[in-house]
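Overview (structure and organization)
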Amino acid sequence: MARSTQGMDDKIIALEERIAHLSTMLDEMSDEMARQGREIDVLTRRVAMLMQREAEREADHGGTIPLADQKPPHW
């Protein structure tokens, strides 16, 4: 029985190590996703700002419909 108990202990230790590793990976992935979410938010705001600036520039130069709102010629 001592061998059986030792084998079970080894399996439990291996599982605990694996769980610890997966937990660390999950935390790292969560941190990375949060960072990427913040970066996407910044980039989305920048694109909106640039589109607004371009629409204003086109309106200031006599454009009737901002280029971003125009349908392509093949439509």
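Residues numbered from 1 in each chain as written. Predicted model: local features only at pLDDT ≥ 70, side-chain atom pairs only at ≥ 80, totals over all residues. Heavy atoms only, no water.

1. Observations concerning the overall build of the protein chain
Selection criterion: Where helices and strands are cited, they refer to DSSP runs of H or I of at least four residues and of E of at least two residues respectively, numbered from the N terminus. Whether a residue is buried, partly exposed or exposed follows from its accessible area with a 1.4 Å probe, protein chains only, as a fraction of its type maximum: under 20%, in between, or over 50%, in that order. For accessible areas, the Shrake-Rupley method is used with a probe of radius 1.4 Å. Any residue's cover is judged against the shown protein chains and nothing else.
Counting secondary structure elements, the protein chain contains one helix and zero strands. Put simply, the protein chain has 75 residues, and 1% of those count as buried. Summed over all atoms, the accessible surface of the protein chain reaches about 7,200 Å², with 61% contributed by carbon and sulfur.

2. Examining the pattern of salt bridges
Using the following cut-off: For salt bridges, the criterion is a side-chain nitrogen of Lys or Arg within 4 Å of an Asp or Glu carboxyl oxygen.
Applying the stated criterion across every chain, the model contains three salt bridges. Among the ionic pairs, Arg35 bridges to Glu32, the shortest N-O distance being 2.5 Å. Of this pair, Arg35 and Glu32 both sit in helix H1 (residues 2-60), three residues apart, which is roughly one turn of the helix. Arg57 is the salt-bridge partner of Glu54, the closest N and O atoms lying 2.5 Å from each other. Taken together, the residues Glu54 and Arg57, both in helix H1 and three residues apart, mark about one turn of the helix.

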